[in-house]
Amino acid sequence: MTVMTAEQIEQFLDEVFPQRMGRIESVGEMSATMRLAIGNEHLRPGPRVSGPTMMGFADVAMYVAILAQIGPEPMAVTSDLNCHFLRAASGDHDIIAHAKLLKLGRRLAVGEVSIVSAADESKPVIHVTASYVLPDNA
């Protein structure tokens, strides 16, 4: 069961993490979907979406999925993030992150994120697995 709505999470992030990337499209049971409008600051030559942009965006999407389940906790922190770049993402289209929690324990959350290009949502451009350490009070 989610304990925060997308709107509540956006407000919380505006306070504690205003430099984050993307906007929340939805949150659900152990999941979140976000969209990032690509600008020049996200591009590498090609023009393609840069790896650091996609990694950072995946990290934010996973954090949002966790917040939806545990509530406003600024100190849920990334402990591991592993990326598999599957294909290039054109800089001409938004990217969309689908985050899914695989395990949400008392001290550890584990999940995966699939990022797709809005141009072709059937083919992931990056697959990320990540774990987060949760504070004692979460």
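Let me sum up the structure you'll find in this document. (Residues numbered from 1 in each chain as written. Predicted model: local features only at pLDDT ≥ 70, side-chain atom pairs only at ≥ 80, totals over all residues. Heavy atoms only, no water.)

1. Some remarks on the pattern of salt bridges
Consideration 1: For the structure shown, the criterion picks out 7 salt bridges.
Consideration 2: Close ionic contact of Arg20 with Asp14 constitutes a salt bridge, the shortest N to O distance being 2.8 Å.
Consideration 3: Exposure remark for Asp14: the relative accessible area of 47% places this residue in the partly exposed category.
Consideration 4: Here Asp94 makes a salt bridge to Arg35, at a shortest N to O gap of 3.2 Å. Here Arg35 lies in strand 2 (residues 31-36) and Asp94 lies in the loop between strand 5 (77-85) and strand 6 (95-104), a separation of 59 residues in the sequence.
Consideration 5: On the basis of relative accessible area, Asp94 is assigned to the partly exposed category, the value being 23%. (Salt bridge = Lys/Arg side-chain N within 4 Å of Asp/Glu carboxyl O. Buried < 20%, exposed > 50% of the residue type's maximum accessible area, 1.4 Å probe, protein only. Helix = DSSP H or I, 4+ residues; strand = E, 2+ residues; numbered from the N terminus.)

2. Points about the nonpolar core
Consideration 1: Grouped together as the largest cluster of nonpolar side chains are 40 residues, with contacts concentrated most on Ile95, Val113 and Ile115.
Consideration 2: Sorting the residues of this core by element identifies helix 1 (6-16), strand 2, helix 2 (51-70), strand 6, strand 7 (108-117) and strand 8 (120-133) as the ones contributing at least two each.
Consideration 3: The greatest single-element share of this core, amounting to 12 residues, is contributed by helix 2.
Consideration 4: With sequence-adjacent residues up to four places away left out, Ile95 is seen in contact with Met34, Arg35, Leu36, Ile38, Val49, Met54, Phe57, Ala89, Ile115, Val116 and Ser117. (Core = buried A, V, L, I, M, F, W, Y, C linked by side-chain atoms within 4.5 Å. Contact = heavy atoms within 4.5 Å.)

3. What to know about a nonpolar patch on the surface
Consideration 1: On the surface, Met75, Val77, Leu108 and Val133 cluster together into a nonpolar patch covering about 300 Å² of accessible area.
Consideration 2: Inspection of the secondary structure assignment puts Val77 in strand 5. (Patch = residues over 30% accessible without salt bridge, like charges linked within 9 Å, V, L, I, M, F, W, Y side chains within 5 Å. Areas by Shrake-Rupley, 256 points an atom, 1.4 Å probe, with all protein chains shown as cover.)

4. Quick look at the side chain of Ser117
Consideration 1: Position of Ser117 among the secondary structure elements: in strand 7.
Consideration 2: A residue is classified by how much of its surface remains accessible, and Ser117, at 8% relative accessible area, is buried.
Consideration 3: Once you skip the residues sitting within four places of it in the chain, Ser117 turns out to touch His93, Asp94, Ile95 and Val125.

5. Here's the deal with the sheet that holds strand 8
Consideration 1: Strand order in the open sheet made by the 6 strands is 1-2-6-7-8-5, with antiparallel pairing throughout. Every other strand in the sheet has two partners, leaving strand 1 (23-28) and strand 5 as the edge strands with one partner each. The sheet shows a mean angle of 20 degrees between the axes of neighbouring strands, direction not considered.
Consideration 2: When strand 5 meets strand 8, the two strands line up antiparallel, connected through 8 bridges. Residue pairing in the sheet places Asp80 in a bridge with Ser131 of strand 8.
Consideration 3: Sheet contacts for helix 2: strand 1, strand 2, strand 5, strand 6, strand 7 and strand 8; angle to strand 6, the most-contacted strand, approximately 50 degrees. (Pairing = 2+ DSSP bridges. Axes fitted to C-alpha atoms, helices over the stretch in contact; angles between N-to-C directions.)

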